[in-house]
Amino acid sequence: MSDSVSDCTAQPRTAVTEAEVEALVRGICFKTGPPRTLGVEVEWLVHELRSPRLPVTPERLEAAYAALRTVPLRSALTVEPGGQLELSSPPAASLMECIGTVSADLDAARAALRKHDLGLVGIGNDPWRSPRRFLREPRYDAMEACLDRTGPAGRAMMCTSASVQVCLDAGYEEPGPLGHGRRWWLAHQLGAVLVAAFANSPLAGREPTGWLSTRQLLWMEIGAGRAGAPPLDGDPRSAWARHVLDAPVMCVRQDGGPWHVPDGLTFREWTRSGVPRPPLPEDLDYHLTTLFPPVRPRGHLELRMIDAQPGEDGWIVPLAVTTALFDDPEAAETAYRAVKPLAERSLSLPAPHNPLWIDAARSGLADPELREVADTCFAAALEALPRLGATTEVTAAVAAYRDRYVSRGRCPADDLLDELYGTDRTLHGKEFGT
C-alpha cells in the first residue's frame, strides 16, 4: 500500500479544471513503449523473532526502524500504517536484476531486525492480532476516518495486510500481446488467477474466515469507488481518467490541524465546486495515491492482488510467473487465450467486485476452472523464464510451487489451515506461521 505521491503531474500551484485533470491522467498514467523494466514491492508483517504470535510494542518497532534506516539499501524503505515493512525495488532491466537487488536488501533488513529480536513474516493478513495503527500522521488519521465509513475492513487493510506487488511497463501503444490495451485487460482477468494461486490469508483473529485470501476480501469490502477497477470496455486511458474523476476524495490536506475528510465528494465535483478550496495539481497527485484498484496505472502497471508469500524467498515465484506471463510474447499469448473463457464469469463487472474475483478469493485453486487456467499459465511461464534470463534456481522454484500447489489445486492458505487443524504441522516449522 505505497503512500508515495504519484508523479502524474508537475504543475504550478494553480487550481486544476475537470478538463485538465482528464488530460493529465490520460497523458501520464499510461507511459507506453517496449516492456523493458520491471519492479516489485514486497510487504511484510514484522513480528517477535521467537514467536510471531507475541505482540511487539510500538517502542520496539520505532527503535528497529530507526536502526534499519541507517542501513544502505537500493530499494525504497517505507513503513505501513500498522508497522508493516515495505521494500520497493528501483526499476530493473531484467527479472534477475530485480531479484538480486531485493534479495540483497531483504538480507540486510533481516540482519538489522534480528538485532532487535524481530523478524519478517509473509502472510497476506495477520492471523493473530486485531488492527492497531503504528503511524500517527495526518494522512493516516484521515484515511482511517474515511475508511471507517464503510466498516472495519479499512482498518484491517491499513494495519494487518501485506502483499507482493509486481510492477510492469504499460506496453506498446499498438495492439498485440505486448500492447498496453491487451496488458491492461489481461491484468484484470489474469489477476483473479494470481489471487487464487497465491492466496495466503485464510485467518483473522486466529479463526478461519471462510476465504483463502482474506486480504482480497478486505479490499472488496472497502468499496468499488476506493478499491475497484474501472470498466474494461473502451480505451484504458479514458476509462481510468473517468474513474479518477468520479472516485471519492479521501481528504483535503491542510497545513495545520487535522485534514478535512469530505463525505461523498468526488474529484470531478471538487473541480466544479472549488469547495472547501480549489483543488491544486498536487491534490490530484495525492488523490491518485488514495485509489487502490487491483491494477493501478502509475505510468507503469502496478499489480496489487497477490498476498504476501511464506518463506524468505516466496515472493520470487509470483514475481517470476507474472513477469513471464506479461513480458514474454509467447507466454503472454498463451495466458490471454487461457483466461478468455474466465472473462465470462466476471459478468462484465469491474474487478474485484465480480463473481470471478470473489470465487478466486474464497476458493482459490479448489475452483476447477481457475486451477486449469493456473496450470496452463504456470507451464507457459516455466517455458518462458529461460528466455527471460532466469536462473535454474528461479525456474526450479516456480516448478516446485507448481508441483506443490497448482497441480494439486492448493495454495499456501491451505497449508495454514492444515496447521490450524493439525493435519500437517511440518509445513512451516515448529511455530505456526514461521
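Cut-offs and rules
- Residues numbered from 1 in each chain as written.
- Predicted model: local features only at pLDDT ≥ 70, side-chain atom pairs only at ≥ 80, totals over all residues.
- Heavy atoms only, no water.
- Helix = DSSP H or I, 4+ residues; strand = E, 2+ residues; numbered from the N terminus.
- Rg over C-alpha atoms; globule rule 2.2 N^0.38 Å.
- Buried < 20%, exposed > 50% of the residue type's maximum accessible area, 1.4 Å probe, protein only.
- Salt bridge = Lys/Arg side-chain N within 4 Å of Asp/Glu carboxyl O.
- Polar contact = N/O pair within 3.5 Å; in protein donor to acceptor, adjacent residues only side chain to side chain.
- Contact = heavy atoms within 4.5 Å.
- Axes fitted to C-alpha atoms, helices over the stretch in contact; angles between N-to-C directions.
- Nonpolar A, V, L, I, M, F, W, Y, C, P; charged D, E, K, R; others polar.
- Pairing = 2+ DSSP bridges.

Caption draft 1: Highlighting the overall build of the chain. The secondary structure content of the chain amounts to 17 helices and nine strands. A compact globule built from 434 residues would reach a C-alpha radius of gyration of about 22 Å, and the chain, at 21 Å, matches this within 12%. Across its three principal axes, the chain shows a C-alpha extent of roughly 60 × 50 × 40 Å. When the 434 residues of the chain are sorted by exposure, 58% land in the buried category.

Caption draft 2: Structural detail: the pattern of salt bridges. In the structure shown here, the tally under the stated rule is 30 salt bridges. Taking the shortest distance from any N to any O, the salt bridge between R129 and D126 comes out at 3.6 Å. The exposure class assigned to R129 is partly exposed, which follows from its relative accessible area of 21%. D126 gets classed as buried once you look at its relative accessible area, which sits at 7%.

Caption draft 3: Main features of the side chain of T323. Tracing the chain through its elements places T323 in helix α12 (residues 316–327). Residue class for T323 comes out buried when judged on its relative accessible area of 2%. At 2.7 Å, the side chain of T323 forms a polar contact with the backbone oxygen of L319. Leaving out residues up to four positions away in the same chain, T323 has contacts with L38, L95, V166, L168, D328 and L388.

Caption draft 4: How the structure looks around the packing of helix α4 (residues 138–147) against helix α5 (residues 153–160). Where α4 contacts α5, the two axes come as close as 8 Å, and the packing angle between them is 145°. On α5, the residues that touch Y140, M143, E144 and L147 of α4 are G154, R155, M157 and M158. Within the contact of α4 with α5, the residues separate by chemical class into five nonpolar, one polar and two charged.

Caption draft 5: Structural view of the pairing of strand β2 (residues 76–79). Examined bridge by bridge, β2 and strand β3 (residues 85–88) share four bridges and lie antiparallel to one another. Residue pairing in the sheet places T78 in a bridge with E86 of β3. Turn length for the β2-β3 hairpin, with the two strands adjacent in sequence and antiparallel, is five residues, and the turn residue G83 shows positive phi of about 95°.

Caption draft 6: Fine view of unusual backbone geometry. Cis geometry is adopted by the peptide bond preceding P276, which originates at V275 and carries an omega value of 10°. Within the secondary structure layout, P276 lies in the loop between α10 (267–273) and α11 (281–289). Notably, D117 is not glycine yet its phi reads approximately 60°, a positive angle. Counting through the fold element by element, D117 comes out in the loop between α3 (95–114) and β4 (118–121). With a phi close to 70°, R206 is a non-glycine residue in the positive phi region. Position of R206 among the secondary structure elements: in the loop between β6 (203–204) and β7 (207–208).

Caption draft 7: Up close: the environment of A108. Here A108 shows up in helix α3. Residue classification places A108 among the partly exposed residues on the basis of a relative accessible area of 23%. The sequence separation of A108 and E312 amounts to 204 residues, and the corresponding C-alpha distance is 12 Å. If near-sequence neighbours (up to four positions away) are discounted, A108 is found in contact with V71 and L73.

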